[in-house]
Amino acid sequence: MIAVTSKLPQTGTTIFTVMSALAAEVGAINLSQGFPDYHCSPALIGMVNKAMQQGYNQYAPMAGLMSLREQISQKVNNLYGAWYDPGTEVTVTAGGTQAIFTAISAVIHPNDEVIVFEPAYDSYGPAIKLMGGIVKSLELSPPDYRIPWDMVRRLVSSKTRMIILNSPQNPTGAILSQVDIDELTAIVKGQDILILSDEVYEHLVYDGQIHHGMARHPELRKRSLITVSFGKLFHNTGWKMGYCLAPANLMHEFRKVHQFLVFSVNTPMQAGIAEYLKNPEVYMGLAEFFQQKRDRFRDGLQQSRFKLLPCKGSYFQCVSYEGVTDEKDSDLAIRLTKELGVASIPVSAFYTQGTDHHILRFCFAKKQETLDAALEKLIEF
Ligand code: PMP
């Protein structure tokens, strides 16, 4: 056997793969991984088909079809009143994950420090480490998972190159508030600190709150790489389409990596999505659509022994089982999948240290009948 020194010795198969595989193996209802179990729009599928038939089947331009970049720019302007130049400040990516990886690799040098709030989506840490960067984790706590800005201030050093934000947050469903924006602005102002803002759930903000995307706030916008996923927007996570927004100087560096990582992204999908995005209604109703699912799922869970944590955004509902059992969250998630037939994700998997607050995450981006069937079982617990 040829010896190889792992660049990510601590990294195994992601918890999402593990739990989805277990759910399939035992025939459990899968509320673990974040993907819908219903179809995406037939109109969108028709537009992609049409693009293929019209001959959109060769390489797209490196940064993406101009028609799509223009639509993205228009959407961002409609939502946040910010103008990103489609020529120099918008790049189409193969989903949010590629955008995140590309952004980190484009700007993080060895020994640069990156502040990451945990529980965190699991792709940030490995990308930072592969670049020789140093992950400075800051653990947030239930039930609100508020960011302790005084601690952030203490963590910032001359080596801090980036702060990673994710609002609405996976797995906690927390969102940034105006207070968070003010605190963050005060910390980064006058410093060479970049922001990677993972906004894949930008449309999923509930109860009349607004999404505090970085595009809204000029002091933050000028230092931000914003990453977004069409999979979350169009209920088709398998298409792996997304984009990155950044000021031209940052986008220039982003594209240097993008062109050698993927060069360009699936052409007919870009053409179809560009056509579909011409109608803003396709994204304007999304919060209401998911809020209904959230409310019904929460109502059902009220009848169970789980304690509901707040869910202000995203399509994840976290629950605590404190006082019900002392089991580790990973053990309970496996037991519920096997014995009860409902798969979830243990939130300890989102902490580098495996911190276990006895909390499970359920994805409610599912058909009502799937949620009802899951609730029936969860109430038995
Ligand atoms: N960031 C977060 C917070 C996510 O939850 C996900 C998907 N689960 C992604 C990024 C990745 O998005 P994509 O599937 O488009 O790569």
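Residues numbered from 1 in each chain as written. Predicted model: local features only at pLDDT ≥ 70, side-chain atom pairs only at ≥ 80, totals over all residues. Heavy atoms only, no water.

Draft legend 1. Region of interest: the nonpolar core. Core analysis: the largest hydrophobic core is formed by 93 residues, its most contacted members being Ile72, Phe117 and Phe230. Two domains each donate at least three residues to this core, and these are domain 1 (15–40 + 285–380) and domain 2 (42–282). Look past the residues within four positions of Phe117 in its chain and what remains in contact with it is Leu138, Leu140, Ile147, Trp149, Val152, Ile163, Ile164, Leu165 and Gln169. Of all hydrophobic cores here, the second largest spans 23 residues; its members include Ala99, Ala106, Ile108 and Val116. (Core = buried A, V, L, I, M, F, W, Y, C linked by side-chain atoms within 4.5 Å. Buried < 20%, exposed > 50% of the residue type's maximum accessible area, 1.4 Å probe, protein only. Domains from an automatic or database assignment. Contact = heavy atoms within 4.5 Å.)

Draft legend 2. Structural context of the state of the cysteines. Using the criterion set out here, one finds 0 disulfides in the structure. With no disulfide partner, Cys40 has as its closest neighbouring cysteine sulfur the one in Cys363, 16 Å distant. The thiol of Cys311 is not disulfide-bonded; the next cysteine sulfur, from Cys318, is found 8.1 Å away. (Disulfide = S-S within 2.5 Å.)

Draft legend 3. Layout of helix 11 (residues 267–276). Burial within helix 11 is extensive, with 9 of its 10 residues counted as buried. For helix 11, the set of buried residues is Thr267, Pro268, Met269, Gln270, Ala271, Gly272, Ile273, Ala274 and Tyr276. Considering only its buried residues, helix 11 is in contact with helix 2 (42–53), helix 3 (66–80), strand 2 (90–93), helix 9 (230–234) and helix 12 (281–284). Taking the backbone nitrogen of Met269 as reference, a side-chain oxygen 3.4 Å away marks Asn266 as the first, capping residue of helix 11. (Helix = DSSP H or I, 4+ residues; strand = E, 2+ residues; numbered from the N terminus. Polar contact = N/O pair within 3.5 Å; in protein donor to acceptor, adjacent residues only side chain to side chain.)

Draft legend 4. Region of interest: the pairing of strand 2. Alternating residues of strand 2 divide into Val90 and Val92 and Thr91 and Thr93, and every residue in both groups is buried. Sheet topology places strand 2 next to strand 8 (residues 242–245); 4 bridges connect them, and they run antiparallel. Bridge assignment links Val90 to a residue of strand 8, and that residue is Leu245. (Pairing = 2+ DSSP bridges.)

Draft legend 5. Helix 10 (residues 248–261), seen in detail. Under the 1.5 Å per step criterion, the end-to-end length of helix 10 is 19 Å for 14 residues, consistent within 8% with the ideal 20 Å. Of the surrounding elements, those touching the buried residues of helix 10 are helix 3, strand 2, helix 4 (95–107), strand 6 (194–198), strand 7 (224–229) and strand 8. Looking one or two residues past helix 10, Phe263 carries a phi angle of roughly 60°, positive in sign. (Expected span 1.5 Å × (residues − 1).)

Draft legend 6. Fine view of the site of the ligand. With respect to spatial proximity, 13 residues lie near the ligand, and among them Thr97, Asp198, Tyr201, Ser229 and Lys240 are the closest. Gly96 places a polar main-chain atom, nitrogen or oxygen, 2.7 Å from an oxygen atom of the ligand. One of the side-chain N or O atoms of Asn170 is found 2.8 Å from an oxygen atom in the ligand. Compared with its free state, where it exposes 400 Å², the ligand has 92% of that area covered by protein. Per-element tally for the shell around the ligand: the top contributor is helix 4, with 4 residues. Among the residues making up the shell around the ligand, the classes are represented as 4 nonpolar, 6 polar and 3 charged. (Near = heavy atom within 4 Å. Areas by Shrake-Rupley, 256 points an atom, 1.4 Å probe, with all protein chains shown as cover. Nonpolar A, V, L, I, M, F, W, Y, C, P; charged D, E, K, R; others polar.)

Draft legend 7. View of the side chain of Ser344. Assignment of secondary structure puts Ser344 in the loop between strand 11 (342–343) and strand 12 (345–346). Exposure remark for Ser344: the relative accessible area of 0% places this residue in the buried category. For Ser344, the contacting residues outside a window of four places in its chain are Met19, Leu31, Ser32, Ala333, Thr337, Leu360, Arg361 and Phe362.

Draft legend 8. Representation of the pattern of salt bridges within the structure. Within the structure shown, the criterion is met by 13 salt bridges. In this structure, Glu202 and Lys75 form a salt bridge, with 2.8 Å as the shortest nitrogen-oxygen distance. Of this pair, Glu202 sits in the loop between strand 6 and helix 8 (218–221) while Lys75 sits in helix 3, and the two are 127 residues apart along the sequence. On the basis of relative accessibility, which here comes to 2%, the residue Lys75 falls in the buried class. The closest approach of N and O atoms between Arg294 and Asp207, which form a salt bridge, is 2.8 Å. Residue Arg294 is located in helix 13 (residues 286–302), and its partner Asp207 is located in the loop between strand 6 and helix 8; the two are separated by 87 residues in the primary sequence. Its relative accessible area of 6% is what places Arg294 among the buried residues. A relative accessible area of 44% means that Asp207 is categorised as partly exposed. (Salt bridge = Lys/Arg side-chain N within 4 Å of Asp/Glu carboxyl O.)

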